[in-house]
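# Descriptive structure summary
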Amino acid sequence: MNKPQFKDIGVPVFHDDRGTFSATPIRDGESQVNISFNEKAGTFRGMHLQLGEFAQTKRLRVIRGEIIDFIASMIPGDDPNEVLQFRMTPGQELTVPKG
């Protein structure tokens, strides 16, 4: 039986007044995984649009607590004032397609 190989990739962890945030570096076509823990209810964090070669599908998953997510479409022809709201609780996941 082969022993599993472990590699320390040195994932940075950032702390601020909202809580803790960590993002794995993107390497060789891998997906980026971001994890955040917020100390207080009502914490605001942003998710940002990326275009072209940097475009990413965004996935949000709740482990504990609740997330209220607001999404505005940036697709030409869509109403930029229309904002979708999603309320998510543990076990739910939301996928926002890239672009």
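First things first, this report covers the structure right here in the doc.

## Some points on the overall build of the protein
- Counting its regular elements, the protein contains zero helices and seven strands.
- Helices and strands appear in the protein in the N-to-C order β-β-β-β-β-β-β.
- Taken against the 2.2 N^0.38 rule, which gives 13 Å for 99 residues, the C-alpha radius of gyration of the protein at 16 Å runs more than 25% over that of a compact globule.
- Along the longest, intermediate and shortest principal axes, the C-alpha atoms of the protein span 55 × 35 × 25 Å.
- Taken over 99 residues, the protein has a buried fraction of 11%.
- The positive charge centre, built from 12 side chains, and the negative charge centre, built from 13, are 8 Å apart in the protein.

## A look at the sheet that holds strand β1 (residues 13-16)
- Spatially, the three strands line up as an open sheet ordered β1-β2-β3, and their pairing is antiparallel. Since the sheet does not close on itself, it has two edges, and those belong to β1 and β3 (34-38), each with one partner. Ignoring which end each strand starts from, the neighbouring axes of this sheet average 15 degrees apart.
- Bridge analysis of strand β2 (residues 19-23) against β3 gives five bridges, and the strand direction is antiparallel. Following the sheet pairing, G19 is matched in β3 by N38.

## Overview of the pattern of salt bridges
- A complete count under the given rule lists four salt bridges for this structure.
- With a shortest N-O distance of 2.3 Å, E93 and R61 are connected by a salt bridge. Of this pair, E93 sits in strand β7 (residues 93-96) while R61 sits in strand β4 (residues 58-61), placing them 32 residues apart in sequence.
- By relative accessible area, E93 is classed as partly exposed at 35%.
- By relative accessible area, which is 55% here, R61 ends up exposed.

## Section: a nonpolar patch on the surface
- Where nonpolar side chains cluster on the molecular surface, the patch consists of L49, L51 and M74 and spans about 340 Å² of accessible area.
- Relative to the elements of secondary structure, M74 occurs in the loop between β5 (67-72) and β6 (83-88).
- Residue M74 is classed as exposed on the basis of its relative accessible area, which comes to 57%.

## Notes on the nonpolar core
- L60, V62, I71, M88, L94 and V96 form the largest nonpolar core, which has six residues in total.
- Apart from the residues within four sequence positions on either side, L60 is in contact with M47, D69, M88, Q92, E93 and L94.

## Some details on the side chain of D69
- Following the sequence through the fold, D69 ends up in strand β5.
- Despite its burial, D69 pairs with no opposite charge, the nearest such side chain being K58 at 11 Å.
- Apart from residues lying up to four places away in sequence, D69 is in contact with M47, L60, L84, Q85, F86 and L94.

Calculation notes
Residues numbered from 1 in each chain as written. Predicted model: local features only at pLDDT ≥ 70, side-chain atom pairs only at ≥ 80, totals over all residues. Heavy atoms only, no water. Helix = DSSP H or I, 4+ residues; strand = E, 2+ residues; numbered from the N terminus. Rg over C-alpha atoms; globule rule 2.2 N^0.38 Å. Buried < 20%, exposed > 50% of the residue type's maximum accessible area, 1.4 Å probe, protein only. Lys, Arg positive; Asp, Glu negative; His and termini not counted. Charge placed at Lys NZ, Arg CZ, Asp CG, Glu CD. Pairing = 2+ DSSP bridges. Axes fitted to C-alpha atoms, helices over the stretch in contact; angles between N-to-C directions. Salt bridge = Lys/Arg side-chain N within 4 Å of Asp/Glu carboxyl O. Patch = residues over 30% accessible without salt bridge, like charges linked within 9 Å, V, L, I, M, F, W, Y side chains within 5 Å. Areas by Shrake-Rupley, 256 points an atom, 1.4 Å probe, with all protein chains shown as cover. Core = buried A, V, L, I, M, F, W, Y, C linked by side-chain atoms within 4.5 Å. Contact = heavy atoms within 4.5 Å.

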